[in-house]
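Geometric and topological summary
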Amino acid sequence: MTTSTVTAPATVAQAPAPGPARLRGRRRLAQWGFVAPAVVFMLLFFGYPLVRNVVMSFQHYTPKTFFTGEAPFNGSDNWSNVFRDALFGKALWHTLVFTAGSLLGQFCAGLALAVFFSRRFPLNGVLRSLILLPWLVPMVVSGIVWRRILDQDTGVLNSFLGTLGLDGSTPWLTDPHMALLSVILVNIWIGIPFNMVILYGGLQEIPRELYEAASLDGASAWRTFRSVTLPMLRPVITVVLVLGFMSTVKILDLILALTDGGPADATQTLGTLTYQNSFVQLDFGAGAVVGNVLILISAVFAVFYLRANRTEGK
Amino acid sequence: MSKRFNRRSRRAVIPLAAVSALVAGAGLTGCGQQRDASVYTVLNSSTDETYHRWDAEAMARCGERLGVRIEQQSVPAAQVMTKALRMASSKSLPDIVQFDASEMPTFAEAGGLVDLRTLGLSTADVPQGIVNFGSYKGTYYGAARSVNTLALFYNKDVLDQAGLKVPTTWAELRETAKQLTRGKRYGLALSAGGAEDGVFQFTPFMWSNGGDETRLDGPEVVEALDYWKSLLKDGSLSKSTVGWTQADVNDQFMAGNAAMMINGPWQVETLNTKKSLHWGIARIPVPEAGGKSVGPLGGAVLTVPNTGDEQRERTAGKIVACLSSEQEQLTYALNSWMVPANEKAAAVWRQRVPELDALADQVAAARSRTAKLGAGWSSVSLALQSAFQSALTGESSQAALKRAQQRATSGNRGTRP
């Protein structure tokens, strides 16, 4: 998206008085030549699948299509079928709760840790790199390990709670009312390192003098955080939240590994629903509808992001 | 079935791999393969070392007999369908595909399979039930080498110590399970997971009670689900049951966390690795004494996809005939602990593996999941999963199944029996 910040205008500005038309044409051609790879790449790998997905959502696209190549258009049938399905509303709600909950948890914990680590103390570096671990482990592996940890009868977590004299039979993943919360907690655990690293980097950028000035003015720690740290950190916060949103809203792998969308569809999200429609039911049209809804949500969010950036730029 | 269930412990990895393979493969499969005239390919799900080896050996024997080379291409069970569809669209289908029998109708309905009878395959020694199992709308598309079903596995030592007999009715099963539940050990383990595993396990309870997949809210189905609920309420089943695959159930049984379990013969190889475990096998208990225990028929079938090359299809038919011949079936069944599809082979198998006699009986009465619904089975299966999970976690069976029935018959993915 930032590919179009080519230096072309600068070249134009530096160029001497406009030459004959032929030369100008050639220069223009060269400019396009530089832009072309990016444009072709975008069209091929973003434009085409996007359009294809939208078209597919209006087609009766079934296993038969793979043989005949024919996918008759069926108007808005796929859309109305998906929207009529009670599961869709549920999945949409779960996706929103999951995304909001995960982002909130990841961000707060990440920020707290980033502030904590920006002080100097022994073993700071070692601890900081240890905290990165969840980020390095593949999502599916984390999911499978957590599934064992959270097992109601034999899980480590419940045994631990039991030895503390607490309720050692919490149905983390087996109770429909608990499962979504458990999945969110695991995702928070996964997302903390990312948030921490980026926010930590942002904190390092804030000039020390500001803090000195604040302390000279007698600002309390909380006041300093609110009036110096947070405003200075804002651009970084936007980036963290946007990237976090993008990776959270489309969640699939973690949920498949932890609960497979269950129990009783308690952890179905738009991601798992797309998967189920397309690759279990082989109803690719319905799968495309849910996929499009996901794209739409992301697009709306992207618009907000761009606007926020623009005002920031001013 | 066996193969896919065997692997469910890695259930998360498989769908993910499927998605990534789909993405990655999309670009690659475009270029059709150049076929070598004397090399035939089989697409199957034998990704386990042992199964892959058994298949390779059988293919080598058949290849030699027919004067061709047979290569096998193995992908995880959940990927066979999507892979085959992709190959169909790029006109690079293999000569033979081994589908899970519950998936075969989907591919057949799309027009992707060749009638095996026109390729000269005989069904003379195959019981009618197993012919139906490999058929879709009356056409015989899939030759089974072996079949399997579910049975009641029990820990002999635990039952002996408690002085209990192997239960044969629902009431006995409930009582026995209750008495065997002690400390961290549950009386019974079964899978009610939100995938085909759970549905596979629910069917013997639903069918033995006279219930039917075309009417999920029928009183017989409600009663079967209520029975599951009663086991859970007694504490005889772990609350984690709703999260378990059949492989998880086997792990629990082997670890001594369950005195009995519902499972299939594909677990026997793993069970036998624990020498101190003395297990027995019996038919799944029935609602009333003397009732018929109807289990689900599981297993894979060999099919010949419609490639348009008649010459190759005929040879592929011969390969399928060879791989599913009496002798090959017996070898395969003895290796994999599953029951041969061929009657004659099954008779020999019974003598060679008397400990699995109960299983052979159960197979004889078993029913195919797709017999009534064909390609519509997957919608019913998804609706049913959601229903028994809701019911086992608090909702009433009646309400949950009513919703399932509505869901199964609505929308363009619904079933029209």
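Remember, predicted model here, so these are calculated numbers, not experimental data.

What to know about the pairing of strand β3 (residues 96–100) of chain B
All names here are of chain B.
- Along β3, 5 of the 5 residues are buried, which leaves the element largely enclosed by surrounding structure.
- Burial along β3 is two-sided: the face carrying I96, Q98 and D100 and the face carrying V97 and F99 are both buried.
- By the bridge criterion, 2 bridges tie strand β1 (residues 39–44) to β3 in an arrangement that is parallel. Residue pairing for β3: L43 is matched across the bridge by V97.

Description of the state of the cysteines
All names here are of chain B.
- Counting across every chain of the model gives 1 disulfide over all chains.
- Through a disulfide, C62 is tied to C322; the S-S separation comes to 2.0 Å. Negative torsions about the S-S bond denote left-handed disulfides, and the value of about -90° found for C62 with C322 makes this one left-handed. With C62 in helix α3 (residues 49–66) and C322 in helix α13 (residues 310–323), the pair connects residues that are 260 residues apart, well separated along the chain.

What about the packing of aromatic side chains?
Residue and element names in this part refer to chain B.
- Tallying each qualifying case throughout the model produces 29 aromatic pairs over all chains.
- Put simply, the rings of W170, F202, F205, Y227, W228 and F388 touch in pairs and so form one group of aromatic residues.
- The positively charged end of R145 is found above the aromatic ring belonging to Y332, 4.1 Å away from the centroid.
- A cation over an aromatic ring shows up here: R312 above the ring of Y40, its NZ or CZ 4.2 Å from the ring centre.

Considerations on the domain arrangement of chain B
Residue and element names in this part refer to chain B.
- Domain assignment breaks chain B into domain 1 (2–7 + 35–148 + 298–368) and domain 2 (151–294 + 373–409).
- Put simply, the middle of domain 1 and the middle of domain 2, counted by C-alpha atoms, are 28 Å apart.
- Taken together, the contact pairs 24 residues of domain 1 with 26 residues of domain 2.
- Interface area for domain 1 against domain 2, summed over the two sides, is near 2,200 Å², with a carbon-plus-sulfur share of 64%.

Looking at the interface of chain B and chain A
- On the chain A side, the residues contacting the 42 residues of chain B number 38 residues.
- Buried surface at the junction of chain B and chain A, summed over both partners, amounts to about 3,400 Å²; 56% is from carbon and sulfur atoms.
- Counting across the interface, chain B meets chain A through 2 salt bridges.
- Between D248(B) and R147(A) there is a salt bridge; the shortest N-O distance is 2.7 Å.
- Here chain B is connected to chain A by 8 residue pairs in polar contact (both at pLDDT 80 or more).

Overview of the sheet that holds strand β11 (residues 279–282) of chain B
Residues and elements named next belong to chain B.
- The 4 strands are arranged β9-β10-β8-β11 in an open sheet whose pairing can be described as mixed. Two strands bound the open sheet, and with one partner strand each, they are β9 (186–189) and β11. Strand-to-strand, the axes of this sheet are offset by a mean angle of 20°, without reference to chain direction.
- Looking at chain direction, strand β8 (residues 151–155) and β11 are connected through 4 bridges and run antiparallel. Across the sheet, F153 pairs through a bridge with I281, a residue of β11.
- Against the sheet, helix α8 (residues 170–180) touches β8, β9 and β10 (258–263), its axis set at about 140° to β10.

Observations regarding unusual backbone geometry
- Backbone geometry at A264(A) places phi at a positive 50°, although glycine is not the residue there.
- As for its position among the elements, A264(A) is in the loop between α13 (253–258) and α14 (270–280).

A closer look at the domain arrangement of chain A
All names here are of chain A.
- Once the domains are mapped, chain A shows domain 1 (8–56) and domain 2 (86–313).
- On a C-alpha basis, the centroid separation for the pair domain 1 and domain 2 is 38 Å.
- Here domain 1 and domain 2 share an interface that buries about 380 Å² over both sides, 61% of which is from carbon and sulfur atoms.
- If you sort the residues of domain 1 by the area they bury against domain 2, L50, N53 and M56 come out on top, with a joint share of 89%.

Brief notes about the nonpolar core
Residues and elements named next belong to chain B.
- By size, the foremost hydrophobic cluster in this structure holds 83 residues, and its most contacted members are F99, F107, F153, W279 and L356.
- Among the elements that line this core, the one with the most residues is helix α4 (residues 80–89), at 6 residues.
- Residue contacts for F99: discarding those within four places in its chain leaves V80, M81, A84, M104, F107, L113, G299, A300, V301 and T303.
- Listed in part, the 54 residues of the second largest apolar core include L190, F205, M206 and L237.

Overview of the sheet that holds strand β6 (residues 142–144) of chain B
Residue and element names in this part refer to chain B.
- Reading across from one edge, β2-β1-β3-β13-β6 is the order of the 5 strands in this open sheet, with mixed pairing throughout. Where the open sheet ends on each side, the last strands, each with one partner, are β2 (69–74) and β6. Sheet twist, expressed as the average angle between the axes of neighbouring strands with direction ignored, equals 25°.
- Where β3 meets strand β13 (residues 300–303), 4 bridges bridge the pair, whose relative direction is antiparallel. Bridged to V97 within β13 is T303.

Criteria and cut-off values
Starting afresh in each chain, residues are numbered from 1 along the sequence in its written order. Each chain is given a letter, starting from A, and each ligand a number, starting from 1, according to the order in which they appear as written. A pLDDT threshold of at least 70 governs which residues receive local features in this predicted model, and a stricter bar of 80 or more applies before side-chain atom pairs are shown or counted, although totals over entire chains, interfaces and linings include all residues. Note that the side-chain values use all heavy atoms of the structure and ignore hydrogens as well as water. A simple rule labels every residue: compare its accessible area, found with a 1.4 Å probe on the protein chains alone, to the largest value its type can have, and call it buried under 20%, exposed over 50%, or partly exposed in between. A run of DSSP states H or I qualifies as a helix once it reaches four residues; a run of E qualifies as a strand once it reaches two. Both are numbered from the N-terminal end. Two strands make a pair as long as DSSP finds a minimum of two bridges between them. Cysteine sulfur pairs qualify as disulfides if the two atoms are within 2.5 Å. Planes of paired rings set the category: under 30 degrees apart is stacked, over 60 is edge-to-face and the rest tilted, where pairs are Phe, Tyr or Trp rings (Trp by its six-membered ring) whose centres lie within 6.5 Å. Charge-over-ring placement is defined geometrically: NZ (Lys) or CZ (Arg) within 6 Å of the ring centre, and within 35 degrees of the ring normal. Delimitation of the domains relies on an automatic or database domain assignment. Contacts are assigned to residue pairs that have any heavy atoms within 4.5 Å of one another. Put simply, buried area is how much 1.4 Å-probe accessible surface two parts lose in total, over both of them, once they are put together. Counted as salt bridges are all cases of a side-chain nitrogen of Lys or Arg within 4 Å of a carboxyl oxygen of Asp or Glu. Any N or O atom pair separated by 3.5 Å or less is treated as a polar contact, with the protein-specific requirement of one donor-capable and one acceptor-capable atom, and with residues adjacent in sequence counted only for side-chain atom pairs. Convention adopted: a line fitted to C-alpha atoms gives each axis, helices being fitted over their contacting stretch, and angles between N-to-C directions are expressed from 0 to 180 degrees. Side-chain atoms within 4.5 Å are what join buried Ala, Val, Leu, Ile, Met, Phe, Trp, Tyr and Cys residues into a set we call a nonpolar core.

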